[in-house]
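Residues per chain are reported as follows:
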Amino acid sequence: GQQLNQSPQSMFIQEGEDVSMNCTSSSIFNTWLWYKQDPGEGPVLLIALYKAGELTSNGRLTAQFGITRKDSFLNISASIPSDVGIYFCAGQLDTGANSKLTFGKGITLSVRP
Amino acid sequence: NAGVMQNPRHLVRRRGQEARLRCSPMKGHSHVYWYRQLPEEGLKFMVYLQKENIIDESGMPKERFSAEFPKEGPSILRIQQVVRGDSAAYFCASSPKGFYGYTFGSGTRLTVV
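The sections below set out a description of the structure shown in this document. Computed from a predicted structure; not experimentally measured.

A separate point is the overall build of chain A. Counting its secondary structure elements, chain A contains 0 helices and 11 strands. Listing the helices and strands of chain A from first to last along the sequence gives β-β-β-β-β-β-β-β-β-β-β. In summary, chain A has a C-alpha radius of gyration of 13 Å against a globular reference of 13 Å for 113 residues, a match within 12%. Along the longest, intermediate and shortest principal axes, the C-alpha atoms of chain A span 40 × 30 × 20 Å. Residues counted as buried form 43% of the 113 residues belonging to chain A.

Structural data, given as structure tokens:
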């Protein structure tokens, strides 16, 4: 089945630094999404990308949908302590909405004050 | 404006018992999804339902697991004769029709002892 690869498993940065996370797949996805999960909670949608090459921002977050439709990246600029959490990429294969998502294993981000 | 409500938050069952997990979608959302998350793993799709219909159950184990979303009331994920390997966090999500990326609940943490 489809698999999304996220590495490394953990990242440690200093408060104020920028950080970039990558997500790759051997298969094409038609929609890419980035979620953040805090301990004991469900994932929260950060950014959704719908077209190859699309670059979208949400505050200090920027994400891009790769041209090949097999990858996406998420940038967080000027990190703050509340950015700590697990960041998941997710892909949606079906072109219609309301279909299943395939998730990566996530990257745990730690921010040192 | 309540989000996706899942209960219970924590559930402990002995091997062989039944587990019932409930999910009330956000108001106005007619599509419900169930995902399972093992420790340090991403979320794995289980089933997608609309009112009174199972749309996609390609991620559901063939035995012991069932899901429903009745005309009235919450969606239920039912696990019969639980085993230790069923211990995981189970997340429900909902979305309106035609929307990419859904809203997750806070999950039910099932522990089988």
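To continue, consider the interface of chain B and chain A. Contacts between the two partners involve 26 residues from chain B, matched on the other side by 23 residues from chain A. Across the interface of chain B and chain A, roughly 1,900 Å² is buried in total on both sides, 50% from carbon and sulfur atoms. Summed over the shared surface of chain B and chain A, the result is 2 salt bridges. A salt bridge links A:E41 to B:R9; the nearest nitrogen and oxygen atoms lie 4.0 Å apart. Joining chain B to chain A, the criterion identifies 9 residue pairs in polar contact (both at pLDDT 80 or more). When residues of the side of chain B that touches chain A are traced back to their parent elements, those giving at least two are β4 (31–37), β5 (43–50) and β9 (88–95) of chain B. At 4 residues, β4(B) tops the list of elements feeding residues into the side of chain B that touches chain A. Per-class residue counts for the side of chain B that touches chain A are 11 nonpolar, 9 polar and 6 charged.

Moving on: the pattern of salt bridges. When charged atoms on two side chains of opposite charge get close, those side chains can pair. Enumeration over the complete set of coordinates arrives at 7 salt bridges over all chains. Measuring nitrogen to oxygen at the nearest pair gives 2.8 Å for the salt bridge that ties A:D83 to A:R60. Residue A:D83 is found in the loop between β8 (71–76) and β9 (85–92), and its partner A:R60 is found in the loop between β6 (55–58) and β7 (61–65); the two are separated by 23 residues along the sequence. Here A:R60 falls in the partly exposed class, since its relative accessible area comes to 30%. Among the salt bridges present, the one from B:E41 reaches A:K105, with a minimum N-O distance of 3.6 Å. Of this pair, B:E41 sits in the loop between β4 and β5 while A:K105 sits in the loop between β10 (102–103) and β11 (107–112), each in a different chain. We classify B:E41 as partly exposed; its relative accessible area is 23%. When its relative accessible area of 47% is taken as the criterion, A:K105 is described as partly exposed. Within the structure, one salt-bridge network assembled from shared partners comprises B:E18, B:R20 and B:R78.

Residue and element names in this part refer to chain A. Going through the model one piece at a time under the given rule, you end up with 2 disulfides over all chains. Residue C23 pairs covalently with C89 via a disulfide, S to S 1.9 Å. Between C23 and C89, the disulfide has an S-S torsion of 55 degrees and is therefore right-handed. A residue pair is termed long-range when its members are at least 10 positions apart, and C23 in strand β3 (residues 19–25) and C89 in strand β9 qualify at 66 residues.

Residues and elements named next belong to chain B. The side-chain alternation of strand β3 (residues 19–24) yields one buried face, formed by A19, L21 and C23, and one unburied face, formed by R20, R22 and S24. Judged from the 3 bridges that link them, strand β1 (residues 5–7) and β3 form a sheet pairing that is antiparallel. Looking across to β3, one finds that Q6 is bridged to C23. For β3 and strand β8 (residues 75–79), the ladder comprises 5 bridges, and the chain directions are antiparallel. Bridging from a neighbouring strand, R20 pairs with R78 of β8.

Calculation notes
Residues numbered from 1 in each chain as written. Chains lettered and ligands numbered in written order. Predicted model: local features only at pLDDT ≥ 70, side-chain atom pairs only at ≥ 80, totals over all residues. Heavy atoms only, no water. Helix = DSSP H or I, 4+ residues; strand = E, 2+ residues; numbered from the N terminus. Rg over C-alpha atoms; globule rule 2.2 N^0.38 Å. Buried < 20%, exposed > 50% of the residue type's maximum accessible area, 1.4 Å probe, protein only. Contact = heavy atoms within 4.5 Å. Buried area = accessible area lost by both parts, 1.4 Å probe. Salt bridge = Lys/Arg side-chain N within 4 Å of Asp/Glu carboxyl O. Polar contact = N/O pair within 3.5 Å; in protein donor to acceptor, adjacent residues only side chain to side chain. Nonpolar A, V, L, I, M, F, W, Y, C, P; charged D, E, K, R; others polar. Disulfide = S-S within 2.5 Å. Pairing = 2+ DSSP bridges.

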